[in-house]
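# Descriptive analysis of the structure
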Amino acid sequence: MKNIILAVVTIGLLIGCHSKKSLVSQNNLTEEQLAAAQNDTVSITNDELEYEIIIIEPGFNIWLMTNARPEGYYSQSFLENRNYQYVVEWNQRVMQSRGFDPNLYQLPIDYNPQIDYGYEVNYKLYNYFIYFQLTYNQRLGPFTPRI
């Protein structure tokens, strides 16, 4: 691929070693969904634009399937605006490792608001930011993270 735009890969590797309380009930999931949730790597690609986001985070996949608002709930412009704000704050924390846990903020995210990444990329990136903030008790901007 020409551009690998968004990669949040090593966060899960370093943070995933500690145990977390389960925030979701697995009663409503099908066997296929449970099997997919066991894979903690979420890869979203937009082949037309040649962009990719890779998220390796234990628990994110099942959280996305069970807690996130369904696709289509938010408009793409809403997701793009929030993602841009979250990315700016994320990248500042990567650069200022003294004030923030360097195990949480390891890699910068290359997100250009002038590029249309498509709905799916924006939807999953937005939900990762919500998951991250709720799971690690972080706040990436002026908005209270909630589902």
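Details of the structure are given in the entry above.
Numbering of residues begins from 1 in every chain and follows the order in which that chain's sequence is written. Totals for whole chains, interfaces and linings use every residue, but because this is a predicted model, local features are given only for residues with pLDDT of at least 70 and side-chain atom pairs only at 80 or more, for both listing and counting. Only hydrogens and water are set aside when side-chain values are computed; all heavy atoms of the structure are taken into account.

A few words on the packing of aromatic side chains. Ring geometry is summarised as follows: Phe, Tyr and Trp rings, the Trp one being its six-membered ring, pair when their centres sit within 6.5 Å, and such pairs are stacked at plane angles under 30 degrees, edge-to-face over 60 and tilted between the two. Scanning all chains against the criterion turns up 21 aromatic pairs. Look at tyrosine 86 and phenylalanine 129: their rings are 5.3 Å apart centre to centre, the planes differ by 55°, and that puts the pair in the tilted class. On the criterion of sequence distance, the pair formed by tyrosine 86 in helix H4 (residues 76-95) and phenylalanine 129 in helix H5 (residues 119-136) is long-range, its members being 43 residues apart. Looking at phenylalanine 129, the relative accessible area reads 0%, which means it is buried. When the centroid spacing of 6.4 Å and the interplanar angle of 55° are considered together, the rings of tyrosine 128 and phenylalanine 129 count as tilted. Accessibility expressed as a relative area gives 1% for tyrosine 128, which makes it buried. In this analysis the charged atom, NZ for Lys or CZ for Arg, is taken to sit over a ring once it is within 6 Å of the ring centre and within 35 degrees of the ring normal. Directly above the ring of tyrosine 73 sits arginine 69, whose terminal nitrogen or CZ lies 4.6 Å from the centroid. Here the guanidinium or amino end of arginine 82 rests over the ring plane of phenylalanine 143, the centre of that ring lying 3.5 Å away. Every helix listed is a DSSP run of H or I at least four residues long, and every strand listed is a run of E at least two residues long, numbered separately from the N terminus. Each residue is placed in one exposure class: buried if its accessible area under a 1.4 Å probe, protein chains only, is under 20% of its type's maximum, exposed if it is over 50%, and partly exposed if it falls in between.

Opposite charge on two side chains permits pairing when their charged atoms draw close. What makes a salt bridge here is a side-chain nitrogen of Lys or Arg within 4 Å of a carboxyl oxygen of Asp or Glu, nothing more. This structure, assessed with the given rule, holds 2 salt bridges. A salt bridge links arginine 93 to glutamate 89; its shortest N-O distance comes to 2.8 Å. With arginine 93 and glutamate 89 both in helix H4 and 4 residues apart, this pair spans about one turn of that helix. For the pair arginine 93 and glutamate 89, one class covers both residues: buried. Here lysine 124 ties to glutamate 120 by a salt bridge, and the two come within 3.3 Å at their closest N and O atoms. A residue pair is termed a helical-turn pair when its members lie 3 or 4 positions apart in one helix, as lysine 124 and glutamate 120 do in helix H5 at 4 residues. For lysine 124, a relative accessible area of 14% puts it in the buried group. A relative accessible area of 35% places glutamate 120 in the partly exposed class.

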